[in-house]
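As a plain string of letters, each chain reads:
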Amino acid sequence: MWIADQWKDYEVIDCSGGEKLERWDRYILLRPDPQVIWDTPRSDKRWKKLNAHYHRSTKGGGEWEFFDLPQQWEIRYKTLTFHLKPFSFKHTGLFPEQAVNWDWIADKIRGADRPVRVLNLFAYTGGATLAAAKAGAEVTHVDASKGMVTWAKENALASGLGDAPIRWLVDDCMKFVEREIRRGRTYDAVIMDPPSYGRGPKGEIWKIEDAIYPLIQNCTKILTPKPLFFLINSYTTGLQPAVLAYMLGTAMKKYNGMTDAQEIGLPVACGGLILPCGASGRWSRTI
């Protein structure tokens, strides 16, 4: 498992009974987590000193209960700064477990010793975009949500990357890649964090089981002759690490590189557990 254990402004304090207790800078949030199927004593005092609690509804979805939480605040990871705010379906605008991939991305770019052009698909609020840009890459950031792209731009400004070479695009990722193939534009690295299900800006339907491998194949058509890396994240139950590894290894077999895939996770302060938080597949050049 790849573990995001370098955080200072964030931690999973404890988890029990389908919920995880988290510290986001100085704010304590309690949110549901489907992985937490165990029930242990809630001994930490912060279980009863919450700034906000997201209650899952038995009918699907849920709602926030606020006690003392600002509409927006900041959190930092190393040299990156992110704006956070509670919004629909328990999210805050950041997936802290992805920090383990941000570090890997940055290491690959810094170690390349050449200009690197990165394509980040389903790029959300820009964690991977910021990590790549901070490491010196030129980045194309694509997401179907205008609100998410605007949020990512705010994170870039907060991280001192307002003048970084980042293209911000609101677009359907599948169609964007198809157009890039026709335009002959190429990239040294691809990052993607596809949802299980979604719609593009014009109502295009995305279903990951049907669309993910054709998208990977299309992405190989816009890679440079000596690509640097390819990263796929998955929070979909059916896409286990072995599946990610096989898809990447098959699609990238004509290049000299190695493929690995693991669960990603976060350390839990109480009890010393590692909380599983999805999976990632990584291909990287070896020659």
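Residues numbered from 1 in each chain as written. Predicted model: local features only at pLDDT ≥ 70, side-chain atom pairs only at ≥ 80, totals over all residues. Heavy atoms only, no water.

A. Focus on the packing of helix α5 (residues 208-220) against helix α6 (residues 241-251). Between α5 and α6, the shortest axis-to-axis distance is 10 Å and the interhelical angle comes to 35°. The interaxial crossing formed by α5 with α6 has right-handed handedness. From α5, Ile 212, Tyr 213, Ile 216 and Thr 220 reach across to α6, where they touch Met 247, Thr 250 and Ala 251. Its residues assigned to classes, the contact of α5 with α6 comprises 5 nonpolar, 2 polar and no charged. (Axes fitted to C-alpha atoms, helices over the stretch in contact; angles between N-to-C directions. Helix = DSSP H or I, 4+ residues; strand = E, 2+ residues; numbered from the N terminus. Left-handed = near helix turned anticlockwise from the far one by under 90°. Contact = heavy atoms within 4.5 Å. Nonpolar A, V, L, I, M, F, W, Y, C, P; charged D, E, K, R; others polar.)

B. Structural detail: the side chain of Glu 19. Residue position: Glu 19 is located in strand β3 (residues 19-24). What makes Glu 19 buried here is its relative accessible area of 14%. Separated by 3.2 Å, the side chains of Glu 19 and Arg 42 make a polar contact. Sequence-distant contacts of Glu 19, that is, excluding residues within four places in its chain, are made with Asp 14, Leu 30, Arg 31, Pro 32, Asp 33, Val 36, Arg 42, Trp 47, His 53 and Tyr 54. (Buried < 20%, exposed > 50% of the residue type's maximum accessible area, 1.4 Å probe, protein only. Polar contact = N/O pair within 3.5 Å; in protein donor to acceptor, adjacent residues only side chain to side chain.)

C. Inspection of helix α3 (residues 146-158) at higher detail. In a regular helix each residue adds 1.5 Å, so 13 residues correspond to 18 Å; α3 covers 19 Å between its end C-alpha atoms and thus fits that length. At the exit of α3 stands Gly 160, carrying a positive phi of roughly 75°. (Expected span 1.5 Å × (residues − 1).)

D. Examining the environment of Asn 218 more closely. With respect to the secondary-structure elements, Asn 218 resides in helix α5. For Asn 218, a relative accessible area of 15% gives the class buried. It is 7.8 Å that separates the C-alpha atoms of Asn 218 and Ile 181, two residues lying 37 residues apart in sequence. Excluding anything up to four places from it in sequence, Asn 218 contacts Val 177, Glu 178 and Ile 181.

E. Summary view of the domain arrangement of the chain. Entries for the chain in the domain assignment read domain 1 (2-84) and domain 2 (96-285). Centre-to-centre, using C-alpha coordinates, domain 1 lies 25 Å away from domain 2. Taken residue by residue, the interface counts 28 residues in domain 1 and 32 residues in domain 2. Interface area for domain 1 against domain 2, summed over the two sides, is near 2500 Å², with a carbon-plus-sulfur share of 67%. When the area that domain 1 buries against domain 2 is broken down by residue, the three leading residues are Trp 2, Leu 80 and His 83, summing to 31%. Applying the counting rule to domain 1 against domain 2 returns 11 residue pairs in polar contact (both at pLDDT 80 or more). Mapped by element, the contributors of at least two residues to the side of domain 1 that touches domain 2 are β1 (2-3), β2 (10-16), β3, β7 (73-77) and β8 (80-84). The element contributing the most residues to the side of domain 1 that touches domain 2 is β2, with 6 residues. (Domains from an automatic or database assignment. Buried area = accessible area lost by both parts, 1.4 Å probe.)

F. The sheet that holds strand β6 (residues 62-66), seen in detail. An order of β2-β3-β4-β5-β6 is seen for the 5 strands of this open sheet, with the pairing classed as mixed. The open sheet is flanked by β2 and β6, the only strands paired with a single partner. Neighbouring strand axes in the sheet, compared pairwise and without regard to direction, differ in orientation by 20° on average. Pairing between strand β4 (residues 27-32) and strand β5 (residues 52-56): 2 bridges, direction parallel. Bridge pairing in β5 links Leu 29 to Ala 52. (Pairing = 2+ DSSP bridges.)

G. Quick peek at unusual backbone geometry. Not every positive phi belongs to a glycine, and Asp 25 is a case in point at roughly 60°. With respect to the element layout, Asp 25 can be found in the loop between β3 and β4.

H. Summary view of empty space enclosed by the protein. For the structure on display, the rule yields 1 cavity of 30 Å³ or more. There is about 170 Å³ of room inside the largest cavity. In terms of lining residues, the largest cavity is bounded by 15 residues, among which Gln 98, Trp 102, Gly 127, Ala 128 and Asp 193 are the most central. Residues that form the lining of the largest cavity fall into these classes: 8 nonpolar, 6 polar and 1 charged. (1 Å grid on protein atoms, 1.4 Å probe; cavity = no way out; pocket = protein on both sides within 12 Å on 5 of 7 lines; lining within 4 Å. Points joined across faces, edges and corners; volume = space filled by probe spheres on them.)

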